[in-house]
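Here is how the chains run, residue by residue.
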Amino acid sequence: MSAVDRRIAVIGLTCRFPDADGPEAFWRNLLEGRDSITRVSGPDGVAARGLLDDPEWFDAGYFGISPREARIVNPQARLFLECAVAALEDAGQDPGRISGAVGVYGGGGENAYAQLLRAHRAELPSVSDWEIRVANGPDFLCSRVAHRLGLTGPTVAVQAACATSLVAVHLAVQGLLSGDCDLALAGGVTVRLPTGVGGTDEVGIQAPDGVLRAFDAAASGLVGGDGVGVVVLKRFADAEADGDRVDAVILGSAVNNDGADRMGFTAPGIAGQAAVITRAQRVAGVTPDSCTYVETHGTGTRLGDPVEVAALTKAFRSEGNEGADRPGFCGIGSVKTNIGHTDAAAGVAGLIKTVLALRHGVIPPSLHFTEPNPEIDFAAGPFRVVASAEEWRPEGMPRRAGVSSFSVGGTNAHVVLEQPPAATAEPAGAPSAVGPYVLPLSAKTPTALEAVTARLADRLRADPGIPLADVAWTLQTGRRELPYRRFALVHDAVDAVRVLAGEEPERLVTAPGAVWPGAGAPEPPGEDPAAAGRLWLTGAAVDWAALHRVRRPRKVALPTYPFERQLFTVGRDARPTAPTPPAPTTGPTPTTTPTPAATGTAAPTPTTTTTPTATGTDATASTPTSAGSPPPAPYADVTPPSAPAPYAGIATDGPPPTYEVVAKLFAEILDLPEVDPDESFFDLGGDSLIATRLVARVRETYPVELAPKELITAPTAEEFAALIEARLDRDRTP
């Protein structure tokens with residue numbers, strides 16, 4: 001990286017916001033000007049909140065997390081974990097094949113899930129208070145991601161109230177520039193629990209009619225919301241060199257605090273907000289008149305909105321730049337008018353909206369703006385509220401924007417972004433990639449593999465012009481290599497859709513069972529794509545670059561993993577049960593052994609829910625609330641077992657006498673209905689804390705001395721039972 005190149009590339013992102021299960025749905029809602037707030041009228045007024053669909057549903061099996069652990073881990077942490085995977089996949093980054101350090105920066109809002117767990121201790125007889133603290137503590141939000149995905153860079157938990165996630169982005173940028181990490185995940189999450197819109201406002205800061213009107217004369221307060229967003233960041237020079245997709249470029253960022261220069265602790269300050277904007281622009285090396293859009297904090301409060309516009313005006317005029325005084329040259333808006341104020345996720349919500357706007361060249365409308373707030377003199381300043389969608393094509397300069405996030409307590413953050421440089425055209429006469437192309441697909445379960453296949457077919461059907469060599473490269477190097485595998489050998493997008501849709505089943509080659517990665521260096525497949533596919537199905541590491549010597553491929557956006565979620569919570573008779581087969585849909589047929597039919601490839605776009613929901617309750621606790629949506633696929637507890645090997649334990653006609661007792665203890669401690677003799681305690685979700693509890697229970701049952709570390713050498717119920725038998729025999733010997 002050049003010593004003067006401080007640009008940071010946004011190479012991937014994902015989100016879940018009200019009415020949106022991903023970035024595509026979120027962008028569609030923004031363009032349509034959709035209000036995604038749920039409102040419930042009652043005798044005390046209107047209760048309102050932006051709600052997520054099924055925030056307590058989670059694919060524990062994908063991460064090898066036991067149902068017991070999944071129930072006690074805070075739903076915010078589960079959402080952040082799934083979004084970390086989806087963001088990395090959107091960026092085409094396999095954490096297992098990234099040579100540098102990957103950092104995680106983020107924070108979560110406050111909710112009452114730990115209190116709910118303690119209030120329902122009868123449902124969790126083997127769970128200690130220490131485990132509840134670890135499963136719900138905000139300190140562990142980022143480190144849990146690092147642990148489950150094997151990331152070794154900094155893990156920084158950020159707590160800065162409403163500014164949390166944009167501060168996390170700033171810290172991630174600093175980590176990349178300092179060399180602390182080579183790739184960074186940054187974001188935030190807020191889910192209020194118990195779920196539901198809650199009650200009416202008792203403090204006076206919420207809009208009494210449940211409508212957030214940023215900068216409008218009728219603005220009367222904010223509306224809360226739930227959400228999660230994660231972006232993937234990389235040094236721009238590295239992203240260019242590695243052929244990554246770049247959605248936007250961060251030119252600079254800054255963070256500060258208002259200090260005492262404001263009316264009170266919870267009040268905003270003009271000087272502090274103006275200073276952080278000016279600082280970010282100076283770091284970015286840009287002048288205020290080159291920024292043609294600002295995604296504001298925009299809470300719709302009578303005090304906050306005028307203060308924010310005054311601070312923006314002061315910052316834009318602070319450099320003495322005459323161009324920055326042109327009336328209305330810079331648009332402003334607030335995503336909170338669409339989804340509510342998502343607290344710890346608010347900053348990243350605004351950032352993702354702005355990145356998508358930079359990518360598409362359109363500024364979405366800021367909702368509910370009809371008449372300017374009389375305390376804001378828009379006519380005399382450089383700003384205007386973007387009340388309807390606008391094409392974004394500044395004359396003679398790139399699209400450039402600022403994103404602000406300010407918090408109670410005075411923390412201010414601002415980020416300056418720019419559209420990515422135009423892709424470099426390949427020189428005339430340059431060699432082009434020619435097929436056939438091998439498309440490797442993998443998943444944690446056979447059912448998920450069908451959904452992966454169907455999602456890719458849908459993507460190629462919708463965009464047949466996408467370079468298939470880039471699709472192949474992204475699948476080959478930008479996805480985790482999971483145990484259930486298949487590949488297709490195709491010539492173009494139309495051919496790929498035909499094969500993936502099952503019209504030529506003999507060309508969709510599926511491994512007969514789970515495949516386990518082999519050790520050793522990647523094997524070169526020569527120039528035969530079919531040989532590479534067959535090699536990959538055996539579990540061998542493949543040198544995919546050998547298939548792309550003619551043209552340097554680039555990463556492209558492809559569908560992310562279809563998580564198979566199940567409800568994990570307490571207090572609603574929601575104890576996880578054995579999975580049931582999902583309803584079949586049409587899908588491809590593998591060429592070797594049959595696998596279950598595909599589930600739906602993606603949930604339909606949710607609709608705004610207006611049905612009254614009692615505070616803290618959910619009448620449909622185990623099914624989604626979106627109109628017309630099927631329930632999420634049941635939890636499939638298919639954690640990859642250990643590589644097959646004959647058990648060399650006690651030679652008897654059946655399990656040793658102790659086995660049944662130990663197996664029941666395993667199941668009880670891990671909150672599973674049963675365990676198989678050869679299933680590893682750690683693969684089932686056990687850890688050092690749970691191991692300590694298991695050994696304590698064993699000591700209560702048998703007169704033996706055991707240490708938790710002995711589960712490392714005897715991790716299955718059968719092996720641990722054999723160890724207990726051996727200790728008992730030893731102690732009986734005179």
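Throughout, a residue's number is its position along its own chain's written sequence, starting from 1. At least 70 in pLDDT is required for a residue's local features to be given in this predicted model, at least 80 for side-chain atom pairs to be given and counted, and no such filter applies to totals for whole chains, interfaces and linings, which use all residues. With hydrogens and water stripped out, all remaining heavy atoms of the structure feed into the side-chain values.

**Remarks on the overall build of the protein**
Let me state the cut-off plainly: Secondary structure elements follow DSSP: runs of H or I of four or more residues count as helices, runs of E of two or more count as strands, with numbering from the N terminus. For every residue, the accessible area (1.4 Å probe, protein chains only) is compared with the maximum for its type, and the residue is labelled buried under 20%, exposed over 50%, or partly exposed between those bounds. Note on areas: Shrake-Rupley, 1.4 Å probe, and residue coverage restricted to the protein chains presented here.
Counting secondary structure elements, the protein contains 20 helices and 20 strands. Residue burial in the protein is summarised as follows: out of 734 residues, 57% are buried. Here the protein displays about 29100 Å² of accessible surface, and carbon together with sulfur accounts for 54% of that area.

**Quick word on the sheet that holds strand S19 (residues 508–510)**
The test is simple: Each pair of strands is called paired provided DSSP finds at least two bridges between the two strands. Comment: axis = line fitted to C-alpha atoms, over the contacting stretch for helices; angle = value between 0 and 180 degrees taken between N-to-C directions. Residue contacts are defined here by distance: any two heavy atoms, one from each residue, within 4.5 Å place the two residues in contact.
Taken together, three strands build an open sheet; the order of strands is S17-S18-S19 and the sheet is antiparallel. Two strands lie at the open edges of the sheet, namely strand S17 (437–443) and S19, each paired on one side alone. Sheet twist, expressed as the average angle between the axes of neighbouring strands with direction ignored, equals 20 degrees. Bridge count between S17 and strand S18 (residues 484–490): seven bridges; the pairing is antiparallel. Considered in S18, the bridge of Leu 439 is made with Ala 488. The sheet contacts of helix H15 (residues 493–500) involve S17, S18 and S19, and relative to S18 the element is tilted by about 140 degrees. Along the sheet, helix H16 (residues 529–537) makes contact with S17, S18 and S19, crossing S18 at roughly 175 degrees.

**Section: the environment of Pro 208**
The topology assignment puts Pro 208 in the loop between strand S7 (183–190) and strand S8 (227–235). You can call Pro 208 exposed: its relative accessible area is 56%. Taking the C-alpha atoms as reference points, Pro 208 and Ala 47, separated by 161 residues in sequence, lie 8.0 Å from one another.

**As for the packing of aromatic side chains**
Let me state the cut-off plainly: In this analysis, rings of Phe, Tyr and Trp, with Trp reduced to its six-membered ring, are considered paired at centre separations within 6.5 Å, and the interplanar angle assigns stacked below 30 degrees, edge-to-face beyond 60, and tilted for intermediate values. Criterion for a charge above a ring: Arg CZ or Lys NZ at most 6 Å from the ring centre, at most 35 degrees from the ring normal.
Within this structure, the stated rule accounts for 14 aromatic pairs. When the ring of Tyr 62 is compared with that of Phe 563, the centres are 5.3 Å apart and the planes differ by 85 degrees; the resulting orientation is edge-to-face. Taken together, the positions of Tyr 62 in the loop between strand S4 (57–58) and helix H2 (67–72) and Phe 563 in the loop between H16 and strand S20 (566–567) put the pair 501 residues apart, joining distant regions of the chain. An identical accessibility class is assigned to Tyr 62 and Phe 563; each is buried. For the pair Phe 369 and Phe 378, a centre-to-centre distance of 6.4 Å together with 90 degrees between the ring planes defines the contact as edge-to-face. The class for Phe 369 is buried, based on a relative accessible area of 17%. Residue class for Phe 378 comes out buried when judged on its relative accessible area of 14%. A network of ring pairs unites the aromatic residues Phe 58, Tyr 62, Phe 63, Tyr 561 and Phe 563 as a single cluster. Sitting over the ring of Trp 536, Arg 485 keeps its end group 4.7 Å from the ring centre.

**Section: the sheet that holds S8**
Judged by pairing direction, the sheet is mixed, and its eleven strands sit side by side in the order S6-S5-S7-S8-S1-S9-S16-S15-S10-S11-S13 without closing on themselves. A single partner strand is all that each edge strand has here, and the edge strands are strand S6 (155–157) and strand S13 (383–385). Going across the sheet, the axis of each strand differs from the next one's by a mean of 25 degrees, ignoring polarity. In the sheet, strand S11 (residues 330–333) pairs with S13 via three bridges, with the strands oriented parallel. Bridging across to S13, Ile 332 finds its partner in Val 385.

**What about the packing of helix H3 (residues 75–90) against helix H6 (residues 141–149)?**
Quick note on the threshold: What sets the label is the angle itself: under 35 degrees gives roughly parallel, over 145 gives roughly antiparallel, 65 to 115 gives roughly perpendicular, and the rest give oblique. Crossings are sorted by hand: turned counterclockwise from the far helix by less than a right angle, the near helix makes the crossing left-handed, and turned clockwise it makes it right-handed. Residues were grouped as follows: Ala, Val, Leu, Ile, Met, Phe, Trp, Tyr, Cys and Pro as nonpolar; Asp, Glu, Lys and Arg as charged; and all remaining residues, including Gly, as polar.
Axis separation between H3 and H6 bottoms out at 10 Å; the angle between their running directions is 50 degrees. Compared by their axis directions, H3 and H6 come out oblique. H6 is crossed by H3, and the crossing has right-handed handedness. Here Gln 76, Ala 77, Phe 80, Leu 81, Ala 84, Val 85 and Leu 88 of H3 lie close against H6, whose contacting residues are Leu 141, Cys 142, Arg 144, Val 145, Arg 148 and Leu 149. When the residues that make up the contact of H3 with H6 are grouped by side-chain class, the tally is ten nonpolar, one polar and two charged.

**Some remarks on the environment of Ala 488**
For Ala 488, the location among the structural elements is in strand S18. Of the residues examined, Ala 488 reaches a relative accessible area of 1% and is grouped as buried. Between the alpha carbons of Ala 488 and Leu 508 there is a distance of 4.9 Å; along the sequence they are 20 residues apart. Excluding its chain neighbours within four sequence positions, the residues that come into contact with Ala 488 are Tyr 437, Val 438, Leu 439, Val 499, Leu 500, Arg 507 and Leu 508.

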